[in-house]
Amino acid sequence: MSILIRYLQITTFVVLLLYWGRNMFIPLSLSLLFSCLLYPVCKWLESKRLGRNLAITLSLSALFVPLMGLFLLLVFQLKAFTSQWPEIRIRLLELYANVSQFLNLRFNISFESQENWLLDLAGKSGSKILPFLSSTTYGLSIALVLLLLIPLLSALMLYYRTMLVEVLFRLFPGVPKSNVRQLLQDSITSYYSFVKGMLLVYFIVAVLNSVGLALLGIPQPILFGTIASLLTFVPYVGILVASLLPMSVAWISYNSIWYPIGVVIVFSVVQVLEANVIFPMAVSNRLKINTLVTLLAILAGGIIWGAAGMILFIPFMGILKLIADRSPNLKTLSIFLGTGYEQENEVEKGKEI
């Protein structure tokens, strides 16, 4: 009983530390993730007799150029959407007129009452515009700072990696250096597995989106399905932005509200499958952690760190499993995190930390 209380105390302390220190730990965790991903590339470039500074610069460029391409893709999508705004505006006015006529005939709500209700709603919304703009500006400023800070922290971690490894050796003086190095190598491999799992998720989601849009008869279903898949990286907002253009194209092409509703249904169903089935299974298999733990990590990460935690806590569970696999004292935790009992064989190999 005392052991259980001790574990609960440690867990509570860690959760509170992560929650209250999330403003510092989130950028550090993202930087650590990027540095682990870039380490093999950086090391390979250094083996080609490039200086460490140049190798780090080229590695960062190789990572952030595709991200910049994704950002430009989003900009072009919004530009295409705004170019169709005149036609969409006409459709919206027609829809408003039809709804207003329906309310007047079916429920005997006069046009004047409807107009007064809309004016009252606009007045109440106007009082909330300033706080909304303030919070939006603050969020954008934080995102901009992180956009500049994370690459810098990743570069510094790569540059001082020898010193950081030496610090780990000194923090665990009773652990053989070879075991610490092996754990670091396995952690980097775990991050790579996580990224591979994410790429598999994006591919499956793109295929499902494209098939659903094709069945609806939406023009260019592969393009819209792929864009929606890539933008699922941005929780909630990404799928909303990605659905605007195909909904508009469906509305203009068929002059019916049911086709845009069909687009929403397709994306919603795929989003639910991605969040509850595809993502946990694909990522869990790569990290060798079970689906239950993955779902719990997503839930806990969302509560503690928000959207960033829903992504970062999953590879954290993979690293925690690596540590548990190599520690006989954490054998029960290793079994709970794993997909089966095969990890017991690794424990018996004598890899302890």
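Structure: see above.
These remarks concern the structure in this document. (Residues numbered from 1 in each chain as written. Predicted model: local features only at pLDDT ≥ 70, side-chain atom pairs only at ≥ 80, totals over all residues. Heavy atoms only, no water.)

What follows deals with unusual backbone geometry. Positive phi, close to 70 degrees, is recorded for Arg49, a residue that is not glycine. Within the secondary structure, Arg49 sits in the loop between α2 (22-47) and α3 (52-83). You can call Arg49 exposed: its relative accessible area is 81%. One non-glycine residue with positive phi stands out, namely Asn108, at about 60 degrees. Note on placement: Asn108 falls in the loop between α4 (85-106) and α5 (111-126). Taking relative accessible area as the criterion, Asn108 reaches 67% and is therefore assigned exposed. (Helix = DSSP H or I, 4+ residues; strand = E, 2+ residues; numbered from the N terminus. Buried < 20%, exposed > 50% of the residue type's maximum accessible area, 1.4 Å probe, protein only.)

Applying the stated criterion across every chain yields a total of four salt bridges. Between Arg52 and Glu46 there is a salt bridge, and its shortest N-O distance comes to 3.3 Å. One salt bridge connects Asp325 with Lys321, and the closest N-O pair in it is separated by 2.8 Å. With Asp325 and Lys321 both in helix α13 (residues 307-325) and four residues apart, the pair spans about one turn of that helix. Overall, the relative accessible area of 6% leaves Lys321 in the buried class. (Salt bridge = Lys/Arg side-chain N within 4 Å of Asp/Glu carboxyl O.)

Note that an α-helix has 3.6 residues per turn; residues three or four places apart therefore point the same way. An ideal rise of 1.5 Å per residue puts 32 Å on 22 residues; α4 measures up with 31 Å between its terminal C-alpha atoms. Listed in full, the buried residues belonging to α4 are Ile88, Arg91, Ser100 and Asn104. (Expected span 1.5 Å × (residues − 1).)

With that settled, consider the side chain of Ser243. The topology assignment puts Ser243 in helix α10 (residues 237-254). Each residue touching Ser243, except ones within four places of it in the same chain, is listed here: Val263 and Phe267. (Contact = heavy atoms within 4.5 Å.)

Where helix α7 (residues 161-171) is concerned, the buried positions are Arg161, Val165 and Phe169. Projection of α7 onto a plane perpendicular to its axis shows the buried side chains occupying an angular sector of 90 degrees, all on one side. Turned more than 90 degrees away from the buried face of α7, the exposed residues are Arg170 and Leu171. (Arc of directions from axis to C-beta.)

Tallied over the full model, the rule gives seven aromatic pairs. The ring of Tyr19 has Arg22 sitting right over it, with the charged end atom 4.3 Å from the ring centre. (Phe/Tyr/Trp six-rings, centres within 6.5 Å; stacked < 30°, edge-to-face > 60°. Lys NZ or Arg CZ within 6 Å of the ring centre and 35° of its normal.)

Spatial relationships are all this shows, so hold off on functional conclusions.
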